[in-house]
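Coordinate analysis (summary)
So the chains spell out like this:
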Amino acid sequence: MKPSTAAQKLDVYLPATPPEFRERAEISREELAELQKNPPQWLVDLHRDGPHPRNVVAARLRVSISGLARGGVTEALTSAQITELIENPPSWLPRERAIQAEVRREEQRLRERQQGIGERPDGTRDELGADDDAVAEPVADPAE
């Protein structure tokens with residue numbers, strides 16, 4: 001796989017990786033597995049200090065990647081920068097967290113709906129049985 005793909009799988013920002021990783025033509029699946037199992041010091045440092053790719057920044061801030069963009073965050077951030085945003089949140093951060101929380105609630109609601117877990121009109125939860133959604137078949141009259 002390409003170094004960019006391996007960096008994605010390792011959750012690291014490719015430009016922050018060492019040249020011997022970044023400039024390789026291919027990284028085998030075995031090499032990737034070894035990096036995940038026994039990370040070298042540069043990988044440990046990147047995971048701890050950054051700079052981090054957008055997906056990691058978004059996860060740590062509990063917002064979406066789109067929310068980062070709306071907030072004006074377009075570059076990779078270090079752990080220190082992320083901590084600073086958490087401790088002194090800009091006006092966009094609470095708003096984007098609320099949006100992300102609502103999206104997650106809706107996704108959970110849809111998962112539960114697909115699994116047959118419903119909500120009663122009074123707000124209590126109810127596990128639907130397999131036959132609850134089935135249409136009743138007419139029963140033949142034994143007298144006929």
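Scope of this entry: the structure provided in the associated data block.

So, about the environment of Ser79. Its location among the elements puts Ser79 in helix α7 (residues 79-87). Each C-alpha atom of the pair Ser79 and Val57 lies 8.6 Å from the other, and the pair is 22 residues apart in sequence. Setting aside anything within four residues of it in sequence, one finds Ser79 in contact with Arg48, Asp49, Gly50, His52 and Arg60. For Ser79, the side chain forms a polar contact with the main-chain oxygen of Arg48, separated by 2.6 Å.

Attention now moves to the pattern of salt bridges. Two side chains with opposite charge may pair up if their charged atoms get near one another. In this structure the tally under the stated criterion is 6 salt bridges. Notably, a salt bridge pairs Arg48 with Asp49, separated by 3.1 Å at the nearest N-O pair. Overall, Arg48 belongs to the partly exposed group, its relative accessible area being 46%. Measuring nitrogen to oxygen at the nearest pair gives 2.8 Å for the salt bridge that ties Glu102 to Arg105. Note that Glu102 and Arg105 are positioned in helix α8 (residues 92-114) at a spacing of 3 residues, about one turn of the helix. Glu102 sits in the partly exposed class, given a relative accessible area of 41%. Among the ionic contacts, a cluster of salt bridges with common partners joins Asp45, Arg48 and Asp49.

Turning next to helix α5 (residues 54-61). Taken as a whole, α5 has its buried residues at Val56, Val57, Ala58 and Leu61. Its buried side turned inward, α5 meets α6 (65-70), α7 and α8. At the C-terminal side of α5, Arg62 shows a positive phi close to 60°.

What follows covers the environment of Thr17. With respect to the element layout, Thr17 can be found in the loop between α1 (3-10) and α2 (19-22). Thr17 sits in the buried class, given a relative accessible area of 3%. A C-alpha to C-alpha distance of 9.6 Å links Thr17 and Pro3, two positions 14 residues apart in sequence. In contact with Thr17, not counting residues within four places along its chain, are Val12, Arg22, Trp42 and Leu46. Of the polar contacts made by the side chain of Thr17, one reaches the backbone oxygen of Leu14; its length is 2.6 Å.

Criteria and thresholds
- Residues numbered from 1 in each chain as written.
- Predicted model: local features only at pLDDT ≥ 70, side-chain atom pairs only at ≥ 80, totals over all residues.
- Heavy atoms only, no water.
- Helix = DSSP H or I, 4+ residues; strand = E, 2+ residues; numbered from the N terminus.
- Contact = heavy atoms within 4.5 Å.
- Polar contact = N/O pair within 3.5 Å; in protein donor to acceptor, adjacent residues only side chain to side chain.
- Salt bridge = Lys/Arg side-chain N within 4 Å of Asp/Glu carboxyl O.
- Buried < 20%, exposed > 50% of the residue type's maximum accessible area, 1.4 Å probe, protein only.

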